[in-house]
Amino acid sequence: MTVLGAPDLRVEPQDGRAVVHVSGALLTAYLADIEAAFAQAAPAEKHVQIDLTDVPAFDTGGAWLVSQLRRRLQQGGAEVQIAGAVDHLALLETVTTATPEVTPQDLPEHGRLEWVANIGRNLVFGWQDALSLVSFLGQTLVGLADIIVRPHKVRWASLVTHMQDVGFNAVPIIALMGFLIGVVLGFQGASQLQQFGAEVFVVELIGISVLRELGILLTAIIVAGRSGSAFTASVGSMKVQQEIDAMQTLGLDPVRVLVVPRVLALLIMLPLLGFVANLFGLFGGALMSWVSLDVNPGMFVTRLHDNIAVKHLLVGMVKAPFFALVIGVVACWQAFQVQGSSTSVGKRTTSSVVQGIFLVIALDALFSIFFAQLGV
Amino acid sequence: MKDDTPQRDAIIKVRGLRNQFGPQVVHDNLDLNVWRGEVLGIVGGSGTGKSVLLRTIVGLNKPAAGTIEVLGTNVLTAPEEERRKVETRWGVAFQDGALFSSLTVLQNVMAPMREHLKLSTNLMKELGALKISLVGLPQLACDKLPSELSGGMRKRAALARALALDPQIVFLDEPTAGLDPVGAAAYDDLIGELQRSLGITVFMVTHDLDSLYAICDRIAVLAEKRVLVEGPIETMTDVDHPWVQEYFTGPRARAAQVKGIGGA
C-alpha cells in the first residue's frame, strides 16, 4: 500500500456558506493528530459543506470524526452537506447510525461513601460465605457418615487415586521438610542450651516441639498448599466446563462423587504424613545433636524414651484429622464457588490455599488452648 | 488457478501449502485465492482441515511447505516487523470468542487499539463503543465481562474486537455455530452489512448452509487435502464429487436454498 498523506482540514468561506475541506487519509491511525482540528472547526455560516473529495482513504475512525463534526454543526443550527464522498457515504451513514448517544462513562469514583459501602458489602459477603462454608461442611460430613454406614458406597478407584496424589507422592517433600525442621531445632536449641550447660535438654526441646506441634502443623501447611490448590483447580475447572451441572442432571451428588473421596483421602493420609514428618524430624534433630552437642544417638533415644511421654505424640496426631477436614472442605468449597471463567479458577485457588493455611493455624491455636486447659 | 481473472486483486494467495501433524497429512499442495472485497466461505467435512487452514494463514500454525501471501506480504518469510504490520490489518474472530476473560467487552475491543494506535483513552473509548454498537450489541454490554454474556453476544463482541483496527480482512471461524436460527440469520446479515459498508474481505469457515446461501460470494470446498473446487454457490451442485453432491443437494441444502432465494 502506498503511504497516504496525513489528513488536514481547512475551513473556507465561499458564496455565503462555509466549506470544510478535508484532505489526506482519514484513518484511525491519524485520528490523534487531526482530532483537535475537527473539534475546533466552527464556521459561523448557516450552510456548511464538508468536502471529502481529497480523501482517498476512509475508515470507521474517519467516518466517526466526520459524523461527530456533522452532528455538532447540526446541533448548532447549521445545515450540513457532505460532498465528494460517493464511495464513503455508505460507511459514513453506517457509522452515524451506530454511534451511541452517550459515550461510556468511567466507573464511579471511589469516594468516602463508597469506602463505607465496601466495608458493609464485605461484611455481608463474609457472613454469607461463612454460612455457605458451614453448610458445605455439613454436606460433606453427611456424605462421610453415609460411607461409614454403607461402606459398599465407597468409590474405591477415586479414593485410592487421591490417596496416592495426596499422600504417597507427598512423602519425599514431607520427609525432607521434617528432617530440616529437626536439624534447625537441634542447631538453635544447641546454641541456646549450651550457655546454661543444659545441652542434654535438647532432646526434650526437639521431642516435644516436633511431636506436639511442628510435625503435624507444617505437614498440614504443605498439604494445604500442595493438595488444597490441586483440589480447587481441578474441581473448579470442572465447574467451568459445566461437568458439575451435568453430574446433577444425571442424579449424581457432586459432594459425594467429588468431595467425599478427596476429603476421605486427606483424612487417611494426613495423619500418616504427619507421622512421617515426626520420624524425620526426630532423626534430623538426633543427627544435629550428635554433630554439634555430642549427644550420641543411643543417649538421644534413651532420653526420648524416658522423658517424652506418648501423650505428646497423641496430642499431635489427634489434630491431623481436623486439619485434613479443614483443608479438604475449604478447597472443595472454594472450587464450588468458581463462576464463569478460568480467571475465577485462579482466584479461587489462591483463596483456597490462603484460607486453608490460615484456618489450620487458627485451629492449631485453639487446640493449644484446649490442651492447656485440660492439662495434657 | 484456472479461474484466475486478471482484473481481480488477490488479497490472500496460498500456494502449494502442506500441513502435516506427525504422519497425518492435512493439506497437500493446496492453492487458494481470496479476492479483495469478497465473502469467501470455506466448507468441508469434519477433519478436512478448515480451521487448520485459517490458523495457518493467520500464523498460528507453521506449515510444512508452501507460501502464503497476505496483502502482498509473504507472511511465512517476512521479517517480524513486517508481519506485525500485516497483523494489524486483519482481524480474527474465534469460534467461542476467545475474549480476554479478565477484561470487560469495551476493554477487549480497546486492547488492540492500545497496542497499535497512539490514541487518547477517551478517543479509544468512543471508538470502542462505536465498534460495539456496529456489531449490534447494546451499550450496556460495554462494561460486562465475557462470562456475563450469552454465546451469541460473545461472538458479536469477538467480531467487534476483530474490527477494532479497521482491518481489511476478517477471519471468522464458524461464526454461526451454536447460535439459534434467528441469531444466526441476524449475524449473517450483520456480516453482510459490515462487509458492504466497511469494504472488508471476509474469510469464513462455516458449516452453516444458510450462511453460505445468504452472504457468501464464493465457496471453496476442502476435500482430498486440497481445495477441491471453488466458485459461486450455484455452481456447486454441478460438481461431480460424492461429498460435494451430498452437501449441496441434501435436504438441508435444498431448504437453505429456498430460504436464501426467498430472502434475496
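Residues numbered from 1 in each chain as written. Chains lettered and ligands numbered in written order. Predicted model: local features only at pLDDT ≥ 70, side-chain atom pairs only at ≥ 80, totals over all residues.

**Brief notes about the overall build of chain B**
Consideration 1: Across its full length, chain B carries 9 helices and 10 strands.
Consideration 2: Within chain B, the proportion of its 264 residues that are buried is 47%.
Consideration 3: Sequence separation of 24 or more characterises 65% of the internal contacts of chain B that already satisfy a separation of 6 or more. (Helix = DSSP H or I, 4+ residues; strand = E, 2+ residues; numbered from the N terminus. Buried ≥ 20, exposed ≤ 12 C-beta atoms within 10 Å, placed from the backbone. Contact = placed C-beta atoms within 7 Å.)

**Observations regarding the confidence of the model for chain B**
Residue and element names in this part refer to chain B.
Consideration 1: On average, residues of chain B score 85 in pLDDT, and 95% of them are at 70 or above.
Consideration 2: Per-element confidence in chain B is highest for strand β8 (residues 201-205), whose mean pLDDT is 92, and lowest for helix α9 (residues 251-263), whose mean pLDDT is 68.
Consideration 3: This prediction of the complex comes with two scores: 0.69 for pTM and 0.73 for ipTM. (pLDDT = per-residue confidence, 0-100.)

**Focus on helix α1 (residues 50-57) of chain B**
Residues and elements named next belong to chain B.
Consideration 1: Most of α1 sits inside the fold, with 6 of its 8 residues counted as buried.
Consideration 2: What α1 keeps buried is the set Lys50, Val52, Leu53, Leu54, Thr56 and Ile57.
Consideration 3: Just beyond α1, the residue with positive phi is Gly59, at close to 90 degrees.

**What to know about the interface of chain B and chain A**
Consideration 1: Contact with chain B, which involves 24 residues of that partner, is made by 22 residues of chain A.
Consideration 2: Elements represented by at least two residues in the side of chain B that touches chain A include exactly α4 (121-134) and α6 (181-198) of chain B.
Consideration 3: Here the side of chain B that touches chain A takes 8 residues from α4(B), the largest share from any one element.
Consideration 4: The residue inventory of the side of chain B that touches chain A, partitioned by class, reads 11 nonpolar, 7 polar and 6 charged. (Nonpolar A, V, L, I, M, F, W, Y, C, P; charged D, E, K, R; others polar.)

**Focus on the sheet that holds strand β3 (residues 39-44) of chain B**
Residue and element names in this part refer to chain B.
Consideration 1: On the basis of which strands lie adjacent, the open sheet formed by 6 strands has the order β6-β7-β8-β3-β9-β10 and mixed pairing. Of all strands in the sheet, those with a lone pairing partner are β6 (90-93) and β10 (226-231), marking the two edges. Strand-to-strand twist of the sheet, defined as the mean angle between neighbouring strand axes without regard to direction, takes the value 20 degrees.
Consideration 2: Sheet topology places β3 next to strand β9 (residues 218-223); 5 bridges connect them, and they run parallel. Of the residues in β9, the one forming a bridge with Leu40 is Arg218.
Consideration 3: Relative to the sheet, helix α5 (residues 151-162) contacts β6 and β7 (169-173), its axis offset from that of β6 by approximately 165 degrees. (Pairing = 2+ DSSP bridges. Axes fitted to C-alpha atoms, helices over the stretch in contact; angles between N-to-C directions.)

**Section: the pairing of strand β1 (residues 10-21) of chain B**
Residues and elements named next belong to chain B.
Consideration 1: In the sheet, β1 pairs with strand β2 (residues 24-35) via 8 bridges, with the strands oriented antiparallel. Its bridge partner lying in β2, Leu17 is registered against Leu30.
Consideration 2: In this structure, the hairpin formed by β1 and β2 is closed by a connection of 2 residues, where Gly22 is found at a positive phi of approximately 60 degrees.
Consideration 3: As paired strands, β1 and strand β4 (residues 65-70) are joined by 5 bridges and run antiparallel to one another. For Val14, the partnering residue across the bridge sits in β4 and is Ile68.

**Concerning helix α7 (residues 202-240) of chain A**
Consideration 1: At Val210(A), α7(A) is bent by approximately 60 degrees, the largest bend along its length.
Consideration 2: The first or second residue beyond α7(A) is Gln242(A), which carries a positive phi of 65 degrees. (Bend = angle between axes of the 7 residues up to and from the residue.)

**Digging into the nonpolar core**
Consideration 1: One finds Leu40(B), Ile132(B), Ala160(B), Phe171(B), Val202(B) and Phe203(B) to be the most contacted residues of the largest nonpolar core, which totals 109 residues.
Consideration 2: Every residue in contact with Ala160(B), bar those within four places of it in the chain, is listed here: Val109(B), Lys131(B), Ile132(B), Leu134(B), Val135(B) and Leu137(B).
Consideration 3: If you look at the next biggest cluster of nonpolar residues, it comprises 61 residues, including Met238(A), Ala277(A), Val330(A) and Ile357(A). (Core = buried A, V, L, I, M, F, W, Y, C linked by C-beta atoms within 7 Å.)

**Section: the UniProt feature "transmembrane region" (unreviewed entry) in chain A**
All names here are of chain A.
Consideration 1: In this structure's numbering, the residues bearing the UniProt feature "transmembrane region" (unreviewed entry) are residues 130-149, 170-188, 200-224, 263-293, 313-336 and 357-375.
Consideration 2: In residues 170-188, the share of helix is 95% and the share of strand is 0%. The end C-alpha atoms are 27 Å apart.
Consideration 3: Across residues 313-336, helical content stands at 100% and strand content at 0%; the span's end C-alpha atoms are separated by 36 Å. (UniProt positions renumbered as here; feature names shortened; annotations may be inferred.)

**Topic: the sheet that holds strand β3 (residues 47-54) of chain A**
All names here are of chain A.
Consideration 1: If you walk across this open sheet you meet the 4 strands as β1-β2-β3-β4, and the pairing is mixed. The sheet is open, and its two edges are formed by β1 (8-14) and β4 (79-83), each paired on a single side. Here the average twist between neighbouring strands, direction ignored, is 20 degrees.

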